[in-house]
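Close look at the chain arrangement
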Amino acid sequence: MGTSSARRAFIVPEECDRTGKSTQSRLLHELVQKRCVAVKQMVFPERKSNVGQTIIVYLTNKKRISNEAIHLLLTANRWEFQNEMKELLLSGTW
């Protein structure tokens, strides 16, 4: 892991469901990429992980999960990718 002194950003759009976060995130990603800046777009819930798969089962109404438990699962899903996020930021990637 490098310790690049490059200025980088960590942008997290948070809003209610169905308000355009994915669209705005995609547009921002494209804009930053066009400026030749290393950028990675991450979308949560990340469906490929075990926790993400459990979240999808809940979101598709295939299993009932308490509000408290799903909240913790959504948080855990982000924690699963903490190391990847840190590595990207330390390497100078937005």
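About the thresholds
Residues numbered from 1 in each chain as written. Predicted model: local features only at pLDDT ≥ 70, side-chain atom pairs only at ≥ 80, totals over all residues. Heavy atoms only, no water. Phe/Tyr/Trp six-rings, centres within 6.5 Å; stacked < 30°, edge-to-face > 60°. Helix = DSSP H or I, 4+ residues; strand = E, 2+ residues; numbered from the N terminus. Buried < 20%, exposed > 50% of the residue type's maximum accessible area, 1.4 Å probe, protein only. 1 Å grid on protein atoms, 1.4 Å probe; cavity = no way out; pocket = protein on both sides within 12 Å on 5 of 7 lines; lining within 4 Å. Points joined across faces, edges and corners; volume = space filled by probe spheres on them. Nonpolar A, V, L, I, M, F, W, Y, C, P; charged D, E, K, R; others polar. Axes fitted to C-alpha atoms, helices over the stretch in contact; angles between N-to-C directions. Parallel < 35°, antiparallel > 145°, perpendicular 65-115°, else oblique. Left-handed = near helix turned anticlockwise from the far one by under 90°. Contact = heavy atoms within 4.5 Å.

Comments concerning the packing of aromatic side chains
In total, this model carries one aromatic pair according to the counting rule given. Taking the centre distance of 5.8 Å and the plane angle of 65° together, the rings of Phe 44 and Phe 81 count as edge-to-face. Placement of the pair is Phe 44 in the loop between helix H1 (21-34) and helix H2 (50-59) and Phe 81 in the loop between helix H3 (67-79) and helix H4 (82-90), with a sequence separation of 37 residues. Judged by its relative accessible area of 22%, Phe 44 is partly exposed. The class of Phe 81 is buried, set by a relative accessible area of 16%.

Regarding the layout of surface pockets
Its boundaries defined by the atoms lining it, the largest pocket holds a volume of some 1300 Å³. Lining of the largest pocket is provided by 39 residues; of these, Pro 13, Met 42, Val 43, Phe 44 and Arg 78 occupy positions nearest its centre. Among the secondary structure elements, those contributing two or more residues to the lining of the largest pocket are H1, H2, H3 and H4. Sort the elements by how many residues they give to the lining of the largest pocket and H1 lands first, with seven residues. For the lining of the largest pocket, the residue count by class is 22 nonpolar, nine polar and eight charged.

Side note on the packing of H2 against H3
It is at 9 Å that the axes of H2 and H3 come closest, and there the two elements cross at 140°. Between H2 and H3, the crossing angle belongs to the class labelled oblique. Both H2 and H3 take part in a crossing whose hand is left-handed. Mapping the contact onto sequence places Val 51, Gly 52, Thr 54, Ile 55 and Tyr 58 in H2 and Asn 67, Ile 70, Leu 73, Leu 74, Ala 76 and Asn 77 in H3. When the residues that make up the contact of H2 with H3 are grouped by side-chain class, the tally is seven nonpolar, four polar and no charged.

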